[in-house]
Amino acid sequence: MTEAPVRRDAARNRARLLAAARHVVAERGPEVPLDEIAREAGVSRTTLHRHFADREALVAAVLQGNVEEIEARARDLRERDDGAAELFGHVLDVQVGTPWLAQMVAQERSGGLAELSDRTKAAFEPLMAHARAAGTVHPGVTADDVLLALPMMMAALAVDRRATGPEGLSRARRILHRGLFTTTPPESR
């Protein structure tokens, strides 16, 4: 009987660590000490390491939640001609809101995040097939192309300080949208 409360505590601690990671790293950057994440979550560093072996495991867990959300949205958009463009816009929003996550993923060299990347691609593929049939994506554009555009957006924003404001973000989004899709970019409608 004592196992259920322990499991609830463990689940609560894990959720608190994930929320703290999103918040603290968004404020202080991806190299923030893990101690600060544990402190923000109200748990010990030992508890953090009980759930996440290292920084990459914590990043993978945060990314896991994002991928699950992307998969759910993709299922909801599957029958829409503009589903691929809508999902692309959503992923851009997530990426702009958590640029540290994109930076960590880009730096990850061990391949530990490959499965999550594959799942994201798999979420886009049926939408891209539907978009090709509907003519809402340029001929030859693939899910890989759409995924390549995501770090391109972050690189453009990092290099061009003028692009970091709302107008710069809208401009970068419009440029990428026009390069991938045949529909009018959402900000221009």
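Residues numbered from 1 in each chain as written. Predicted model: local features only at pLDDT ≥ 70, side-chain atom pairs only at ≥ 80, totals over all residues. Heavy atoms only, no water.

### Comments concerning the pattern of salt bridges
This structure, assessed with the given rule, holds nine salt bridges. Across the pair R119 and E115 runs a salt bridge whose closest N-O atoms are separated by 3.8 Å. A residue pair is termed a helical-turn pair when its members lie 3 or 4 positions apart in one helix, as R119 and E115 do in helix 7 (residues 114–134) at four residues. Connected through salt bridges with shared partners, the residues E71, E115 and R119 form a single ionic network. (Salt bridge = Lys/Arg side-chain N within 4 Å of Asp/Glu carboxyl O. Helix = DSSP H or I, 4+ residues; strand = E, 2+ residues; numbered from the N terminus.)

### Here we look at the nonpolar core
L87, F88, F124, M128, V146, L180 and F181 are the most contacted members of the largest nonpolar core, which totals 28 residues. Sorting the residues of this core by element identifies helix 4 (55–77), helix 5 (83–97), helix 7, helix 8 (143–159) and helix 9 (166–180) as the ones contributing at least two each. In terms of residues, this core owes the most to one element, helix 8, which gives eight residues. For V146, the residues in contact, after removing those within four places along its chain, are F88, F124, M128, V141, L180 and F181. The next biggest cluster of nonpolar side chains, apart from the first, holds 17 residues, and it includes L17, A41, V43 and A61. (Core = buried A, V, L, I, M, F, W, Y, C linked by side-chain atoms within 4.5 Å. Buried < 20%, exposed > 50% of the residue type's maximum accessible area, 1.4 Å probe, protein only. Contact = heavy atoms within 4.5 Å.)

### Quick notes on the environment of V59
Residue placement: V59 occurs in helix 4. Relative accessible area serves as the criterion here: at 6%, V59 is assigned to the buried category. Along the chain, V59 and R22 lie 37 residues apart, while their C-alpha atoms are 9.2 Å from each other.

### Describing the packing of helix 4 against helix 5
Relative to each other, helix 4 and helix 5 sit at 160 degrees, their axes nearing to 10 Å. One element, helix 4, and the other, helix 5, form an angle in the roughly antiparallel class. For the element pair helix 4 and helix 5, the recorded crossing hand is right-handed. In this structure, helix 4 contributes N66, E69, I70, R73, A74 and L77 to the contact, and helix 5 contributes G83, E86, L87, H90, V91 and V94. (Axes fitted to C-alpha atoms, helices over the stretch in contact; angles between N-to-C directions. Parallel < 35°, antiparallel > 145°, perpendicular 65-115°, else oblique. Left-handed = near helix turned anticlockwise from the far one by under 90°.)

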